[in-house]
Amino acid sequence: MRYLAVFMAQLKIRYIYLKRYYFDTISMIVTMFIIFLLIFYGSMALMGGTPADMGETLEGIVVGFMVWSFALVAYGTLSWGMIEEAQQGTLEQLYMSPLGFGWVTISRVAAHFIINVFTVFIVLLLMMATTGKWLNLDILSLIPLVLLTIAGVYGIGFFMGGLALVFKRVQSALQILQFVLVIFIAAPFGWSPFMRFLPLSLGTRLIGQVMIGEQTLLQLPPGDVLFLVGNSAVYFGLGFLTFKFFENIARDRGLLGHY
Amino acid sequence: METVLRVKDLTKRYPRRRDKPVMAVDHVSFSVDKNEVVGLLGPNGAGKTTTIKCIAGLIKATSGEIWLNGVEAQRQPKKAMERVAALLEGNRNIYWRLTPRENLEFFAGIQGHQVRKVKAYIDELIELFDLKDKEKTSARMLSRGMQQKLALACALIRQTEILLLDEPTLGLDVETSYELRNVLKEMAARGERTILLSSHDMHVVQDICERVIVINNGRVVVDDRVANLMKLFQVSAYRFELEGHLVKELEMKLKERFPLLALSSTDHRTYIDADLVEGSELYEVLDILKAGNIQVKSIGHKEPNLEEIFLAIVKGELK
């Protein structure tokens, strides 16, 4: 019950922010949609002028954009989130939770994900309405696949959050990495056999198979799903371990409360 | 008395990349009994905050032990956190976009308390800290004093046995500092928590603490009851009230014999404040004044204050 109390506290705070700062929430959805429109009309102009000319590329853009939306929030929750907590002086208070900072962070990530599902869903509906391509929304297959896909991004977020604890000013690297995530998603999977070793790449392809190919999670190649599990576990694990390493340095140097 | 906080040989050396490590805390040992309110004093850079943050588990100690009611903090950090809460950076320990009640609910949750079970205590804290009118206002809209009170309330909502307060009145105006002091005093009087408080504001410490630990250059230089220190200082501190003013030669003669003696004057009176260690020194001052034909109106023990005692300790004048 005590662990649940931490999660509920994190969920409530996210919900309050979402509701109280509704303008911020709406502008985030609108901005995402505008970026999508730019990509959509830009690609359409390049490929012939009508959605039909884009073929499967259009559906790929919708899926890729959805994964990128999830990935951005996952990444930002940990990296930018850590900086924000340090800046406002609440990071040390979170560290003092008897349930452990690890659990506080996981609860935060889970709360963000739940809230994010709703906002991304709205963007997704807008995207599908604009393109006229109504994709398969098999929630039972998609939620675990999305979680598995962005778990690797959480690892990257942990790594960057750890860097922020020690080096403080890492905003430039954070911004650049946000766009590197686009490359992981957008680069054609068939380019190289090594693509599957990157974060997001294999997951995006599998999500595409559910949303475009109308397959269920159980119909996906088990080898690919297992590879995704392993890939995400490695990135997440490495990210978390490096975070613990930097956290240790920050505690040793007394940097947790500094910004 | 039951000891709830015990710090044993705590040492913290901050590593530096191309330089020698900085010794911030050097074999500090002390203990605090249940419901005791202890002041941690020291000049800037003495090691107070590092000591407090080591106890709170936020800074890794180089060596030494920290026992929080039977739990060694470095070996069992999670268990230790059930026993201690801290107010560390005044008004910076709260979420500025949340209201006071939301902040309290959040920090209760982070401690693992279910909100419905602590609702009554949240109401009590809102009442105690006079936040009722501002209950639905975002913390960023509150005055600095209110924010600081809220930060303290957020530390209290964790309902831990031990409370660490690092500069709780820092940056507050006189009125708000006085108000917050009264809340702390009330808390101390209730005897509900064991408090270790660091502050530069000696009024706060003198008002609230029963005992003080003075740290200088990372070491404990004094650990005694405030009353004992006051008594010790009072015995040796005298104030002479003299008729008229002293001539230059007499002033020099007094200062030559008692270099730390302080002179002040009004239109018709001169005052001498002096720490006279032995009784015979009192008569020596009187003899010098008599020889200068100065009429002594009164001699009294000077009322000491903690600030002077602290300065004397730090300067090494009080043994």
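Residues numbered from 1 in each chain as written. Chains lettered and ligands numbered in written order. Predicted model: local features only at pLDDT ≥ 70, side-chain atom pairs only at ≥ 80, totals over all residues.

A look at the overall build of chain A
Thinking step 1. The secondary structure content of chain A amounts to ten helices and zero strands.
Thinking step 2. For chain A, the α and β elements follow one another from N to C terminus as α-α-α-α-α-α-α-α-α-α.
Thinking step 3. In terms of overall size, chain A behaves like a compact globule, its C-alpha atoms giving a radius of gyration of 19 Å where 259 residues would be expected to give roughly 18 Å.
Thinking step 4. C-alpha extents for chain A along the principal axes are approximately 60 × 40 × 40 Å.
Thinking step 5. Here the analysis covers contacts within chain A between residues at least 6 apart in sequence; of these, 79% occur between residues at least 24 apart. (Helix = DSSP H or I, 4+ residues; strand = E, 2+ residues; numbered from the N terminus. Rg over C-alpha atoms; globule rule 2.2 N^0.38 Å. Contact = placed C-beta atoms within 7 Å.)

As for the overall build of chain B
Thinking step 1. The helix and strand tally for chain B stands at eleven helices and 14 strands.
Thinking step 2. Reported as C-alpha extents along the three principal axes, the dimensions of chain B are approximately 75 × 50 × 45 Å.
Thinking step 3. Here chain B, with 319 residues, has 42% of them falling under the buried criterion.
Thinking step 4. The long-range share in chain B, meaning contacts at least 24 apart out of those at least 6 apart in sequence, stands at 70%. (Buried ≥ 20, exposed ≤ 12 C-beta atoms within 10 Å, placed from the backbone.)

What about the pairing of strand S13 (residues 269-275) of chain B?
Residue and element names in this part refer to chain B.
Thinking step 1. Relative to S13, strand S11 (residues 237-243) runs antiparallel, the two being bridged by seven bridges. Bridge pairing links arginine 239 to aspartate 273 in S13.
Thinking step 2. Of the strand pairs in this sheet, strand S12 (residues 262-265) and S13 are connected by four bridges, and their pairing is antiparallel. Residue pairing for S13: leucine 263 is matched across the bridge by isoleucine 272. (Pairing = 2+ DSSP bridges.)

A look at the interface of chain A and chain B
Thinking step 1. Facing the 28 residues of chain A at the interface are 31 residues of chain B.
Thinking step 2. Those elements that place two or more of their residues in the side of chain A that touches chain B are helix H1 (2-20), helix H5 (91-95) and helix H10 (222-253) of chain A.
Thinking step 3. Examining the composition of the side of chain A that touches chain B, we find that eight residues originate from one element, H1(A), more than from any other.
Thinking step 4. Grouping the amino acids of the side of chain A that touches chain B by side-chain chemistry returns 15 nonpolar, eight polar and five charged. (Nonpolar A, V, L, I, M, F, W, Y, C, P; charged D, E, K, R; others polar.)

As for helix H1 (residues 48-55) of chain B
Residues that lie three or four places apart on an α-helix share one face, since the helix turns once every 3.6 residues.
All names here are of chain B.
Thinking step 1. In terms of burial, H1 is largely enclosed, as eight of its eight residues are buried.
Thinking step 2. When we look at burial in H1, the residues that qualify are Lys48, Thr49, Thr50, Thr51, Ile52, Lys53, Cys54 and Ile55.
Thinking step 3. Trailing H1 by a residue or two, glycine 57 shows a phi angle of about 80°, which is positive.

Topic: the domain arrangement of chain B
All names here are of chain B.
Thinking step 1. Each assigned domain of chain B is listed with its residue range as follows: domain 1 (3-224) and domain 2 (231-314).
Thinking step 2. The distance between the C-alpha centroids of domain 1 and domain 2 comes to 40 Å.
Thinking step 3. Taken together, the contacts link nine residues of domain 1 with six residues of domain 2.
Thinking step 4. Taken together, the elements giving at least two residues each to the side of domain 1 that touches domain 2 come down to helix H7 (202-208), strand S9 (211-216) and strand S10 (219-225). (Domains from an automatic or database assignment.)

Brief notes about the confidence of the model for chain B
Low-confidence regions, as indicated by low pLDDT, have predicted coordinates that should not be scrutinised in detail.
All names here are of chain B.
Thinking step 1. Here chain B averages 87 in pLDDT, while 95% of its residues score no lower than 70.
Thinking step 2. The least confident element of chain B is helix H8 (residues 226-236), whose mean pLDDT is 71; the most confident is helix H3 (residues 100-110), at 96.
Thinking step 3. Interface scoring of the predicted complex returns ipTM 0.87; its pTM is 0.83. (pLDDT = per-residue confidence, 0-100.)

Here's the deal with unusual backbone geometry
Thinking step 1. Residues other than glycine seldom take positive phi values, yet Glu214(A) does so here, at roughly 55°.
Thinking step 2. With respect to the element layout, Glu214(A) can be found in the loop between helix H9 (201-211) and H10.
Thinking step 3. Look at Asn293(B): it is not a glycine, yet its phi comes out positive at around 55°.
Thinking step 4. Residue Asn293(B) is classed as exposed on the basis of its C-beta count, with 9 C-beta atoms lying within 10 Å.

Topic: the sheet that holds S12(B)
The pairing of strands in a sheet happens through backbone hydrogen bonds and is either parallel or antiparallel.
All names here are of chain B.
Thinking step 1. Taken in spatial order, the four strands line up as S12-S13-S11-S14 in an open sheet, and their pairing is antiparallel. Unpaired on one side and paired on the other, S12 and strand S14 (296-301) mark the two borders of the sheet. If you compare each strand with its neighbour and ignore which way they point, the axes differ by 15° on average. (Axes fitted to C-alpha atoms, helices over the stretch in contact; angles between N-to-C directions.)

What about the sheet that holds S10(B)?
Residue and element names in this part refer to chain B.
Thinking step 1. Strand order in this open sheet of six strands is S6-S7-S8-S3-S9-S10, and the pairing throughout is mixed. Strand pairing shows two members of the sheet lacking a second neighbour, strand S6 (84-87) and S10, which therefore form its edges. Neighbour-to-neighbour, the strand axes of this sheet turn through a mean angle of 15°, independent of strand direction.
Thinking step 2. Across six bridges, S9 lies against S10 in antiparallel orientation. Counterpart to arginine 211 in the pairing with S10 is arginine 225.
Thinking step 3. Its contacts with the sheet place helix H11 (residues 306-314) against strand S3 (37-41), S9 and S10, and it is angled at close to 35° to S9.

Concerning H11(B)
Thinking step 1. Taken together, the buried positions of H11(B) are Leu306(B), Ile309(B), Phe310(B), Ala312(B) and Ile313(B). In a view along the axis of H11(B), the buried residues occupy a sector of 165°, so they form one face of it. (Arc of directions from axis to C-beta.)

Describing the packing of helix H7 (residues 139-167) of chain A against H9(A)
Residue and element names in this part refer to chain A.
Thinking step 1. One can describe the packing of H7 onto H9 by two numbers: an axis separation of 9 Å at closest approach and a directional angle of 170°. Between H7 and H9, the angle is such that the two are roughly antiparallel. Two secondary-structure elements touch here, H7 through Ser141, Leu142, Leu145, Val146, Leu148 and Thr149 and H9 through Gly203, Thr204, Leu206, Ile207 and Val210.
Thinking step 2. Of the residues belonging to the contact of H7 with H9, the class tally is seven nonpolar, four polar and no charged. (Parallel < 35°, antiparallel > 145°, perpendicular 65-115°, else oblique.)

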